[in-house]
Amino acid sequence: MDTAPSAASAQPRSVTPADARNRRKVATAAALASAVEWYDYFVFGIAAALVLGDLYFPAGSPSAGVLAAFATFAVGFLARPLGGVIAGHLGDQRGRKPMLVLALTLMGVATTGIGLLPTYQTIGIAAPVLLVLLRVLQGIAVGAQWGGAMLLATEYAPEGKRGLYGSFVQLGVPIGVVTANSVFLVAGAATSESAFAAWGWRVPFLIGFFVLGLAWYIHTRVEETPEFRAAERALAEKEKGEKSSPLRTILRGHLGTVLLAGGSFAVNTATFYILITGILDYTTRELGMERSAVLTVSLCVSLTQLVLIPASAALSDRIGRIRIYALGAVGLALWAVPLFLLIDTGSLLWLAVAAFVTGCFLSIMYGPQAALFAELFTPEMRYTGASLGYQIAAILGGGLAPFIMVLLLEATGTSMAVSAYIVGLALIALVSIKVLATRASSGLGSGSR
């Protein structure tokens, strides 16, 4: 795993101009699917930091309202493994494309529903209950989406470019952040504070309805991946004998790999959501910084990731996934303390520097991650295994990170506690990466490399 993937990572076949066009079409569709899905998912995080606490959890102190909103934000992460399990099981048996279409449809419906949801003042306790249920649907959708989009891209990748093609899906995250922040900035600029709280915040959610159009395009225009078709034929030949479900195969023989994958990535998801959601709340509520300025910093950092993510992925195709992946984890561990020392100055310039460097290390890890996780598992169980590893990391890191950040700040009164949290997750990541590399060099890995 510490070297660039071999020819086994792609289906050997002559490449025609039609093949090349199809690859570009599939890669573009997978990237767009990821972008719109993450946009829908991220608008909730921004809204949770800005308005949802007051509108849906009005009782108690401002901190209590934010904690309740972030807890609802975290619920979506708790639901993500369910989406990964269901879509992974069906995706390994029936195809990557149908599950991706289903995930996009579910996300479009849930996000639009949040945009139309009455507040606590209008319908009382039903408002936060429905908000949580819709957030659960968002979590199931994004848990199902990542594996489908990632496998559409990586299983169509030409030989020696699986990392680069996988990064097209990873670009969905910064594109989603840029789009979500941009829409919130426009909504905030176009409305007064009272109008934004009354209805302006709903506009970013209602835009999520257009994801349904992309779902229809993928359903009608994108073909199933060649690696799945080959695995499907192999499974059909075994139907006369004993046949195990992908989930059962993973739980019985590859659970350790799934847990190591999750452990290796939790620091990335935690730091990312601290950066785009936790720090938005911290800087505006505790440090008194302007909301639009902080959102602009987040937007600019995400724009730089559009370059850094594919660059690190392409480099991993040349020198190996693990080397690049581990470098990002080391960087996050070393930068965790300077990150908050700079933010605590209350200076917009130092906030931008802190966020930019953090974004660089996040991108270094995130670029090769799709290909790395795909290569941990063979095609017939790849959707299930890769999705579970990713979603376990989302629970351990991303979903709880803004909530834990607020708790740590309230309990300790210092942002260094949040730095210590990031360092601890980075150490877990480095140990997990080391074990994965050792298993791969010993021939214990599951995937084809």
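Residues numbered from 1 in each chain as written. Predicted model: local features only at pLDDT ≥ 70, side-chain atom pairs only at ≥ 80, totals over all residues. Heavy atoms only, no water.

## Here we look at the overall build of the chain
Step number 1: The helix and strand tally for the chain stands at 19 helices and zero strands.
Step number 2: Relative to its full complement of 449 residues, the chain shows a buried share of 58%.
Step number 3: Within the chain, counting contacts between residues at least 6 apart in sequence, those at least 24 apart form 88% of the total.
Step number 4: Carbon and sulfur atoms form 68% of the exposed surface of the chain, whose accessible area is close to 16,700 Å². (Helix = DSSP H or I, 4+ residues; strand = E, 2+ residues; numbered from the N terminus. Buried < 20%, exposed > 50% of the residue type's maximum accessible area, 1.4 Å probe, protein only. Contact = heavy atoms within 4.5 Å. Areas by Shrake-Rupley, 256 points an atom, 1.4 Å probe, with all protein chains shown as cover.)

## Regarding the packing of helix 6 (residues 162-170) against helix 14 (residues 291-319)
Step number 1: The geometry of helix 6 relative to helix 14 is characterised by a closest axis approach of 7 Å and an angle of 160 degrees between their N-to-C directions. Put simply, helix 6 runs roughly antiparallel to helix 14. Relative to helix 14, helix 6 is oriented so that their crossing is right-handed. Every residue of helix 14 that contacts helix 6 at Arg162, Gly163, Leu164, Ser167 and Gln170 is listed here: Ile309, Pro310, Ala313, Ala314, Ser316 and Asp317.
Step number 2: Among the residues forming the contact of helix 6 with helix 14, the class breakdown is five nonpolar, four polar and two charged. (Axes fitted to C-alpha atoms, helices over the stretch in contact; angles between N-to-C directions. Parallel < 35°, antiparallel > 145°, perpendicular 65-115°, else oblique. Left-handed = near helix turned anticlockwise from the far one by under 90°. Nonpolar A, V, L, I, M, F, W, Y, C, P; charged D, E, K, R; others polar.)

## Topic: the packing of aromatic side chains
Step number 1: What the rule picks out here adds up to nine aromatic pairs.
Step number 2: Aromatic side chains Phe265 and Tyr366 sit 5.8 Å apart centroid to centroid with 20 degrees between the ring planes, which places their arrangement in the stacked category. Here Phe265, found in helix 13 (residues 255-286), pairs with Tyr366, found in helix 16 (residues 348-375); they are 101 residues apart in sequence, far enough to count as distant. Here the two residues Phe265 and Tyr366 agree in accessibility, since each one is buried.
Step number 3: Residue classification places Phe265 among the buried positions, given a relative accessible area of 0%.
Step number 4: Members of the aromatic cluster, joined through ring pairs, are Phe265, Tyr366, Phe373 and Tyr390.
Step number 5: One residue, Arg135, lies across the ring of Phe44, its end atom 4.5 Å from the ring centre.
Step number 6: The aromatic ring of Phe196 is capped on one face by Arg291, whose charged end is 4.6 Å from the ring centroid. (Phe/Tyr/Trp six-rings, centres within 6.5 Å; stacked < 30°, edge-to-face > 60°. Lys NZ or Arg CZ within 6 Å of the ring centre and 35° of its normal.)

## Overview of a nonpolar patch on the surface
Step number 1: On the surface, Tyr120, Ile123, Ile125, Val129, Leu130 and Leu133 cluster together into a nonpolar patch covering about 530 Å² of accessible area.
Step number 2: Sorting the residues of the nonpolar patch by element identifies helix 4 (120-123) and helix 5 (126-154) as the ones contributing at least two each.
Step number 3: Sort the elements by how many residues they give to the nonpolar patch and helix 5 lands first, with three residues. (Patch = residues over 30% accessible without salt bridge, like charges linked within 9 Å, V, L, I, M, F, W, Y side chains within 5 Å. Salt bridge = Lys/Arg side-chain N within 4 Å of Asp/Glu carboxyl O.)

## With respect to the packing of helix 15 (residues 321-343) against helix 16
Step number 1: It is the contact of helix 15 with helix 16, at a shortest axis distance of 8 Å, that shows an interaxial angle of 155 degrees. The orientation of helix 15 with respect to helix 16, classified from their angle, is roughly antiparallel. Here helix 15 runs over helix 16; the crossing is left-handed.
Step number 2: For the contact of helix 15 with helix 16, the class distribution of residues is 23 nonpolar, four polar and two charged.

## Some points on the side chain of Arg202
Step number 1: Relative to the elements of secondary structure, Arg202 occurs in helix 9 (residues 202-207).
Step number 2: Within the buried set, Arg202 has no salt-bridge partner at all; the shortest N-O distance to an opposite charge, 13 Å, is to Asp54.
Step number 3: A polar atom in the side chain of Arg202 sits 3.0 Å from the backbone oxygen of Gly115.
Step number 4: Setting aside anything within four residues of it in sequence, one finds Arg202 in contact with Tyr56, Ile114, Gly115, Leu116, Leu117, Pro118 and Thr119. (Lys, Arg positive; Asp, Glu negative; His and termini not counted. Polar contact = N/O pair within 3.5 Å; in protein donor to acceptor, adjacent residues only side chain to side chain.)

## Some words on the pattern of salt bridges
Step number 1: Enumeration according to the criterion identifies five salt bridges in this entry.
Step number 2: A salt bridge links Arg285 to Asp281, with the nearest nitrogen and oxygen atoms 2.9 Å apart. Linking Arg285 with Asp281, this pair stays in helix 13, spanning four residues, or about one helical turn.
Step number 3: Exposure remark for Arg285: the relative accessible area of 28% places this residue in the partly exposed category.
Step number 4: Because the salt bridges share partners, they merge into one network encompassing Asp281, Arg285 and Glu286.

## A few points about helix 15
Residues that lie three or four places apart on an α-helix share one face, since the helix turns once every 3.6 residues.
Step number 1: Its 23 residues give helix 15 an end-to-end C-alpha distance of 31 Å, which sits within 8% of 33 Å, the value for a rise of 1.5 Å per residue.
Step number 2: At Trp335, helix 15 shows its maximal kink, close to 45 degrees; a proline, Pro338, follows between one and four residues later. (Expected span 1.5 Å × (residues − 1). Bend = angle between axes of the 7 residues up to and from the residue.)

## Examining the confidence of the model for the chain
Step number 1: Looking at the chain, the pLDDT average stands at 82 and 87% of residues meet or exceed 70.
Step number 2: Of all the helices and strands in the chain, helix 11 (residues 226-237) carries the lowest mean pLDDT, 60, while helix 15 carries the highest, 96.
Step number 3: Note on residues 1-13: pLDDT is under 50 here. Beyond four places in sequence and across chains, it has 37 contacts. (pLDDT = per-residue confidence, 0-100.)

## Thoughts on the environment of Leu308
Step number 1: Structurally, the position occupied by Leu308 is in helix 14.
Step number 2: The spacing of Leu308 and Leu362 is 54 residues in sequence and 9.3 Å in space, taken between C-alpha atoms.

## Some thoughts on the environment of Ser312
Step number 1: With respect to the helices and strands, the residue Ser312 is situated in helix 14.
Step number 2: When the C-alpha positions of Ser312 and Gln369 are compared, they lie 10.0 Å apart, and in sequence the two are 57 residues distant.

## Description of the nonpolar core
Step number 1: Ranked by internal contacts, the top residues of the largest apolar core, which has 128 residues, are Phe42, Phe340 and Phe373.
Step number 2: The biggest single contributor to this core is helix 1 (residues 17-56), with 18 residues.
Step number 3: Not counting the four nearest positions on each side in its chain, Phe340 is found in contact with Ile274, Ile279, Tyr282, Met405, Ser415, Met416, Val418, Ser419 and Ile422. (Core = buried A, V, L, I, M, F, W, Y, C linked by side-chain atoms within 4.5 Å.)

## So, the side chain of Ser363
Step number 1: Within the secondary structure layout, Ser363 lies in helix 16.
Step number 2: In terms of polar contacts, Ser363 uses its side chain to reach the side chain of Gln305, at 3.2 Å.
Step number 3: Setting aside chain neighbours within four positions, we find Ser363 in contact with Gln305, Leu308, Ile309 and Ser312.

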